[in-house]
Amino acid sequence: MRKKLIVANWKMYKTPDEARAYIAAFLPLVKEHNRGDIVLCPNFVCIPTVVDALRGSAIGAGGQDLSWEKEGPYTGEVSAHMLRAVGCSHVIIGHSERRQLFGETDDGVNRKVKAALAAGLQPIVCVGEVLAEREAGLTEDVLRRQCGIAFREIGGDDAAPLIMAYEPVWAIGTGKNATPEMAAEAHGVIRAEAAKACGEEVAQNLRILYGGSVKPENAASLMDQSEIDGALVGGASLDPQSFAAIVKY
Ligand code: PGA
């Protein structure tokens, strides 16, 4: 049985003060919760505040992106080692907003996944089709391509910390979520690709999250699918009450 994981992707929202106030409100709401794991992914400048405010809880912190380089003259970039140094356990890689708005490529995603794993971070790798691809019947092809490249040169035990997130792009921030059946089908494709690249054991233990307009009202029906191992939550994670309701679905 894979333990569920619920991840908050705060995107480019919140200052350190706002992050601290959020966590002060959130922690009491999930105090008794131990059924699944929780990770908060704030923007880079909020990470130290979030790590500090979460101290003593079982909740982890993660970055929303990283550089594949260790260090060097790369203005604006943050390395895996730096994320580790400020207390991150996870990092989101290949979010569709990075792919669509900032030119992230499948190859870049692969390099970032390798850098994260090498530094001991758990990558949360996002894949998913845009609406035109779904309508043209290309969802499976897109997922196979994105996963195939993301998993390149990542073998066996090294791949064990990997986490995937299926995020259909048409469902992100739109209020439209994939049906639990659509998500379960896509998760099956991702798991099959993982088995091919990383072996059956890694694939069976791989947690595949669903992301795209997850909210308190639809969390239970999605999480009830045995193929869905958790959620990556954007908009609805910005409010502590609503994120707590999702965590406790
Ligand atoms: P959303 O975003 O929950 O606001 O749709 C999800 C995501 O982008 O990870």
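Source: prediction; values computed, not measured.

Undergrad: Any chance you could break down the environment of Asn177 for me, citing the residues and the numbers?
TA: Looking at the secondary structure, you find Asn177 in the loop between β6 (163–166) and α8 (180–198). Taking the C-alpha atoms as reference points, Asn177 and Leu232, separated by 55 residues in sequence, lie 12 Å from one another. With residues up to four places along the chain from it excluded, the contact list for Asn177 reads Trp170, Ala171, Tyr210, Gly212, Ser213, Asn218 and Leu222. Polar contacts involving the side chain of Asn177 include one to the side chain of Asn218, which spans 3.4 Å.

Undergrad: Go over the site of the ligand, please, and point to the residues and values.
TA: Surrounding the ligand, one finds 13 residues, the nearest of these being Lys11, His95, Glu167, Gly173 and Ser213. Within the side chain of Lys11, one N or O atom sits 2.7 Å away from an oxygen atom of the ligand. Measuring from an oxygen atom of the ligand, one finds a backbone N or O atom of Gly173 at 2.7 Å. When the free accessible area of the ligand is taken as 280 Å², the share hidden by the protein chains comes to 96%. Here the residues of the shell around the ligand sort into four nonpolar, seven polar and two charged.

Undergrad: Pulling in residues and values, what's your account of the pattern of salt bridges?
TA: For the coordinates displayed, the defined rule picks out 18 salt bridges. Between Asp52 and Arg20 there is a salt bridge whose closest N-O contact spans 3.5 Å. Here Arg20 lies in helix α1 (residues 16–29) and Asp52 lies in helix α2 (residues 47–54), a separation of 32 residues in the sequence. By relative accessible area, which is 39% here, Arg20 ends up partly exposed. A salt bridge links Asp106 to Arg145; the nearest nitrogen and oxygen atoms lie 2.8 Å apart. Of the two residues, Asp106 is situated in helix α5 (residues 106–119) and Arg145 in helix α7 (residues 139–150); the sequence distance between them amounts to 39 residues. Residue class for Asp106 comes out buried when judged on its relative accessible area of 12%. A relative accessible area of 41% places Arg145 in the partly exposed class. Taken together, the salt bridges that share partners define one network made up of Arg2, Arg191, Glu227 and Asp229.

Undergrad: An account of the packing of aromatic side chains is needed here, citing residue identities and associated values.
TA: Per the counting criterion, the structure on display carries four aromatic pairs. Relative to Tyr210, the ring of Tyr166 lies with its centre 6.3 Å away and its plane at 55°, an arrangement referred to as tilted. Highlighted residues: Tyr166 in strand β6 and Tyr210 in strand β7 (residues 207–211), separated in sequence by 44 residues. With respect to class, Tyr166 is no different from Tyr210; both count as buried. Taken together, the ring pairs in this structure connect Trp10, Tyr22, Phe26 and Phe243 into an aromatic cluster.

Undergrad: Please give an account of the sheet that holds strand β2 (residues 37–41) that cites residues and values.
TA: Read around the closed barrel, eight strands run β1-β2-β3-β4-β5-β6-β7-β8, paired in parallel fashion. The average undirected angle you get between the axes of adjacent strands in this sheet is 25°. Alignment of strand β1 (residues 5–9) against β2, held across five bridges, turns out to be parallel. Paired with Leu5 across the strands is Asp37, a residue of β2.

Definitions and limits used
Residues numbered from 1 in each chain as written. Predicted model: local features only at pLDDT ≥ 70, side-chain atom pairs only at ≥ 80, totals over all residues. Heavy atoms only, no water. Helix = DSSP H or I, 4+ residues; strand = E, 2+ residues; numbered from the N terminus. Contact = heavy atoms within 4.5 Å. Polar contact = N/O pair within 3.5 Å; in protein donor to acceptor, adjacent residues only side chain to side chain. Near = heavy atom within 4 Å. Areas by Shrake-Rupley, 256 points an atom, 1.4 Å probe, with all protein chains shown as cover. Nonpolar A, V, L, I, M, F, W, Y, C, P; charged D, E, K, R; others polar. Salt bridge = Lys/Arg side-chain N within 4 Å of Asp/Glu carboxyl O. Buried < 20%, exposed > 50% of the residue type's maximum accessible area, 1.4 Å probe, protein only. Phe/Tyr/Trp six-rings, centres within 6.5 Å; stacked < 30°, edge-to-face > 60°. Pairing = 2+ DSSP bridges. Axes fitted to C-alpha atoms, helices over the stretch in contact; angles between N-to-C directions.

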